[in-house]
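Observations on the model geometry
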Amino acid sequence: MQRSTPVDPTKMGTGRAIAVLTSGGDAQGMNAAVRATVRVGIYTGAKVYFVHEVCTSKHTHIRNKELKGGTVIGSARCQDFRSKEGRAKAACNLVKLGITNLCVIGGDGSLTGANEFRNEWSELLQILLKEAKRSSHLNIVGMVGSIDNDFCGTDMTIGTDSALHRIMEVVDAITTTAQSHQRAFILEVMGRHCGYLALVTALACGADWVFIPEMPPDEGWEDHLCRRLTYQRSIGNRLNVIIVAEGALDRHGKPITCDIIKNLVTKKLSFDTRATILGHVQRGGTPSAFDRILGSRMGVEAVMALLEATPDTPACVVSLSGNMAVRLPLMECVQVTKEVTKAMAEGRFEEAVKLRGNNINIAILNVGAPCAGMNAAVRSAVRIGILQGHNMLAVHDGFDGLAHGTIEPMAWGYVGGWTGKGGSNLGTKRSLPASMIEEISLNIAKFNIHALVIIGGFEAFVGGLELVTAREKFEELCIPLVVIPATVSNNVPGSDFSIGADTALNTITTTCDRIKQSAAGTKRRVFIIETMGGYCGYLATMAGLAAGADAAYIYEDPFGIHDLETNVEHLLEKMKTTVKRGLILRNEKCNANYTTDFLFNLYSEEGKGVFDCRKNVLGHMQQGGTPTPFDRNFGTKMGAKAVLWLTDKLKECYRHGRIFANTPDSACVLGMKKRAMIFQPLFDLKEDTDFEHRIPKTEWWLKLRPILKILAKYKISLDTSETATMEHVIKKRGTV
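Structural notes, computed from the coordinates. The model shown is predicted, which means the values in this text are computed figures rather than measured ones.

Digging into the overall build of the chain
Counting its secondary structure elements, the chain contains 23 helices and 26 strands. Its C-alpha atoms give the chain a radius of gyration of 27 Å, near enough to 27 Å, the size a compact globule of 736 residues would have. Based on the C-alpha atoms only, the size of the chain along its principal axes is roughly 85 × 70 × 50 Å. Accessible area of the chain: about 29,700 Å², with a carbon and sulfur share of 51%. The centroid of the 85 positive side-chain charges in the chain is displaced by 5 Å from the centroid of its 76 negative side-chain charges.

See below:
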């Protein structure tokens with residue numbers, strides 16, 4: 001809730017007791033949520049307990065837990081809790097410890113049970129009247145931990161992104177061997193009532209077909225599927241991939257299983273067919289960087305929600321909306337979630353889904369450094385464009401290719417299999433268009449280009465501005481254009497996220513995990529790691545949050561010798577505890593004088609006799625690798641949305657038989673801002689751009705830096721003025 005007067009966050013929780021539990025199925029990222037809840041709770045002065053052992057939590061219990069999957073405090077589906085006697089016993093345990101704040105991390109069943117527990121609290125206390133004097137009410141905040149992403153009210157549940165990582169690792173491995181043998185592969189993923197994992201997997205791997213519970217196939221799907229597979233083979237594809245959610249049904253409610261599809265394809269087409277059921281491998285492994293950061297952010301917000309709650313505050317769940325943490329009434333979310341299941345059970349599939357050309361030539365080019373996810377965006381833009389009736393043109397080698405005329409048409413099959421490929425298949429260069437505007441304008445006229453999709457980093461943004469500025473002299477440039485941010489640096493104005501940044505972040509986080517593990521048998525060692533990003537400290541900050549770093553040095557947060565001294569002293573004290581490893585991240589251009597070598601020498605000198613140092617410069621490995629599920633999915637959505645926007649804009653700009661666009665809103669950046677993907681005119685973003693350092697002047701993630709330091713156990717202040725307020729789901733979504 002919003003507060004009218006400033007509150008010292010270090011004293012907010014004084015006298016309060018918070019219990020943390022994980023319930024139901026486990027999900028990767030739960031530990032990051034537990035870690036953040038515990039450390040921020042202790043930071044605010046609250047007393048924090050783990051449920052099960054019911055022992056007072058100490059920092060030493062949770063060190064390095066963000067690296068591990070599952071939940072280190074255990075998770076179970078407790079049958080005793082289903083009865084009032086069992087809930088009375090649970091209430092008794094809480095009352096004895098003076099606990100009136102409960103943080104529950106689990107799925108819809110766990111959160112429903114928690115809310116029922118809260119509603120019964122007064123009644124249960126009548127049973128425990130003698131011990132209930134200081135426990136007159138119970139506050140509950142939930143965080144959704146579920147790999148299925150089946151909880152209404154949040155864009156992503158904790159564990160979903162990690163599950164997608166596991167699935168894509170298997171899909172990528174399978175497609176390699178399947179192509180060698182010309183096979184059809186059927187892959188079953190989890191999702192009893194929710195097809196999210198299956199749908200995103202299908203988008204991310206370019207599957208031929210997907211079956212999900214929310215959208216049963218039409219009658220005669222068997223023949224349609226066989227025609228589709230036959231066509232793919234006829235155009236030279238050696239591999240067919242079919243994704244099936246475990247809860248997939250036909251229009252009559254009959255299950256569609258891997259075996260049914262395998263028998264169909266084998267019998268009708270005589271294809272060599274293999275079926276794979278992934279099962280619980282999807283729940284395993286280390287959590288992704290996204291889940292670690294999501295769990296950490298949700299944990300912080302959960303603590304703030306508990307400490308601000310009053311006896312009249314309804315139980316809430318901390319959710320993700322776009323890039324914003326929001327608080328939603330728990331039972332409204334549960335109600336909508338159950339209505340979805342009910343709609344599906346009653347065959348109202350369109351309702352369940354709702355709850356959850358003109359001979360136009362559009363050219364696509366990649367600009368700047370290559371990054372994972374670029375190809376997914378190109379593939380999506382091309383195929384959506386073709387479906388809209390447009391002719392899609394490939395521009396090779398960025399603005400150079402546009403100037404030199406290395407342009408060719410792209411058919412549907414041109415971009416087949418691009419989603420899972422890293423780098424840029426179109427080729428990309430950093431050259432800007434200002435020096436070759438005349439040549440570019442001539443080729444736009446020669447190839448009759450009506451619109452441009454520019455996918456890239458800061459150079460794409462600046463290049464788009466240069467094209468728009470040149471419209472005054474070159475009428476050929478008066479066409480709609482859209483810039484899609486794609487760079488590991490995440491430094492394009494107008495978007496909270498850039499395609500490719502998630503893949504780079506996972507690469508850094510995985511490397512940090514391995515480096516820390518390499519010192520498992522070595523006492524007292526500090527690692528100093530340099531990340532990419534230019535002047536933008538996004539990668540260093542977020543990797544530090546995901547990997548549990550002790551410090552992350554960046555350009556946007558100036559530091560001096562006194563800060564370095566504080567960090568060294570912090571590590572010296574840390575080495576006296578049971579944790580004898582340190583991790584320091586440094587953004588490559590954070591400071592011209594405090595170089596990576598300087599920091600290495602400083603820490604080595606000051607740590608003599610206490611710890612030794614190692615340094616690593618990660619370099620261009622951060623730009624490589626196959627794209628993560630997030631980047632594949634994000635790139636796919638961005639590419640599709642960009643072309644659909646251009647389609648509408650072209651209709652607006654059609655005048656007297658030709659396209660003419662010269663208004664500011666005809667040249668935009670497509671970006672994720674807070675809670676939605678929006679289009680912002682390039683000119684409007686100039687004021688918020690530091691062109692010298694190639695970064696936006698306002699960067700949302702800087703507000704997460706205090707959390708990084710609190711989780712590393714520094715004594716600092718935390719700005720809690722922008723904690724979320726309670727919102728409603730029912731009114732926003734409408735009745736079902």
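A closer look at the nonpolar core
If you look at the biggest cluster of nonpolar residues, it comprises 132 residues, and the most contacted ones within it are Ile364 and Tyr538. Among the elements that make up this core, the one with the highest residue count is helix α9 (residues 289-308) (12 residues). Beyond its immediate chain neighbours, meaning those up to four positions away, Tyr538 contacts Ser489, Asn490, Phe497, Ala501, Leu505, Trp700 and Trp701. The next biggest cluster of nonpolar side chains, apart from the first, holds 35 residues, and it includes Ala17, Ala91, Leu94 and Leu124.

Description of the pattern of salt bridges
In the structure shown here, the tally under the stated rule is 28 salt bridges. For the salt bridge of Glu169 with Arg166, the shortest nitrogen-to-oxygen distance reads 3.4 Å. Highlighted residues: Glu169 and Arg166, both in helix α5 (residues 160-181), separated by three residues, approximately one helical turn. Residue Glu169 is classed as partly exposed on the basis of its relative accessible area, which comes to 46%. Overall, Arg166 belongs to the buried group, its relative accessible area being 13%. A salt bridge links Arg327 to Glu301, with the shortest nitrogen-to-oxygen separation between them at 2.7 Å. Taken together, the residues span a long stretch of sequence, with Arg327 in strand β10 (residues 324-329) and Glu301 in helix α9 at a distance of 26 residues. With a relative accessible area of 8%, Glu301 lands in the buried category. A single salt-bridge network, built from bridges that share partners, covers Arg87, Glu116 and Glu120.

What to know about the sheet that holds strand β9 (residues 316-321)
The strands that make up a sheet are held in pairs by hydrogen bonds between backbone atoms, and each pair lies either parallel or antiparallel. Pairing is mixed in the open sheet, where six strands are placed in the order β2-β1-β3-β4-β9-β10. Pairing within the sheet leaves two strands with one partner each, and these edge strands are β2 (47-50) and β10. In this sheet, adjacent strand axes meet at a mean angle of 25° when their direction is disregarded. Sheet topology places strand β1 (residues 17-22) next to β2; four bridges connect them, and they run parallel.

A short note on unusual backbone geometry
Even without glycine at this site, Asn490 takes up a positive phi of about 55°. Among the secondary structure elements, Asn490 is positioned in the loop between β16 (481-485) and α16 (501-518). Of note in this structure, Lys713 is not a glycine but carries a positive phi near 75°. Within the secondary structure, Lys713 is located in the loop between α22 (705-711) and α23 (730-733).

Side note on the environment of Pro681
Within the secondary structure, Pro681 sits in strand β24 (residues 676-681). In this view, Pro681 contacts Pro664, Asp665, Ala667 and Cys668; residues no more than four positions away in its chain are not counted.

Structural notes on the packing of helix α12 (residues 374-387) against helix α20 (residues 629-652)
At a minimum axis distance of 7 Å, the contact between α12 and α20 shows a crossing angle of 35°. Once α12 is placed against α20, the crossing between them reads as right-handed. Packed against α12, whose contacting residues are Ala376, Ala377, Ser380, Ala381, Ile384 and Gly385, the element α20 presents Arg632, Gly635, Thr636, Gly639, Ala640, Val643 and Leu644 at the interface. When its residues are assigned to classes, the contact of α12 with α20 shows seven nonpolar, five polar and one charged.

Overview of the sheet that holds strand β8 (residues 272-277)
Reading across from one edge, β6-β7-β5-β8 is the order of the four strands in this open sheet, with parallel pairing throughout. Each edge of the open sheet carries a strand with a single partner, namely β6 (209-211) and β8. Within the sheet, the average angular offset between the axes of one strand and its neighbour, ignoring direction, is 15°. Of the strand pairs in this sheet, strand β5 (residues 183-189) and β8 are connected by six bridges, and their pairing is parallel. Bridging from a neighbouring strand, Phe185 pairs with Arg274 of β8. Sheet strands touched by helix α6 (residues 196-205): β5, β6 and β7 (240-245). Its angle to β7, the strand with the most contacts, is close to 165°. Packed onto the sheet, helix α8 (residues 258-269) meets β5, β6, β7 and β8 and runs at close to 175° relative to β8.

Cut-offs used in this document
- Residues numbered from 1 in each chain as written.
- Predicted model: local features only at pLDDT ≥ 70, side-chain atom pairs only at ≥ 80, totals over all residues.
- Heavy atoms only, no water.
- Helix = DSSP H or I, 4+ residues; strand = E, 2+ residues; numbered from the N terminus.
- Rg over C-alpha atoms; globule rule 2.2 N^0.38 Å.
- Areas by Shrake-Rupley, 256 points an atom, 1.4 Å probe, with all protein chains shown as cover.
- Lys, Arg positive; Asp, Glu negative; His and termini not counted.
- Charge placed at Lys NZ, Arg CZ, Asp CG, Glu CD.
- Core = buried A, V, L, I, M, F, W, Y, C linked by side-chain atoms within 4.5 Å.
- Buried < 20%, exposed > 50% of the residue type's maximum accessible area, 1.4 Å probe, protein only.
- Contact = heavy atoms within 4.5 Å.
- Salt bridge = Lys/Arg side-chain N within 4 Å of Asp/Glu carboxyl O.
- Pairing = 2+ DSSP bridges.
- Axes fitted to C-alpha atoms, helices over the stretch in contact; angles between N-to-C directions.
- Left-handed = near helix turned anticlockwise from the far one by under 90°.
- Nonpolar A, V, L, I, M, F, W, Y, C, P; charged D, E, K, R; others polar.

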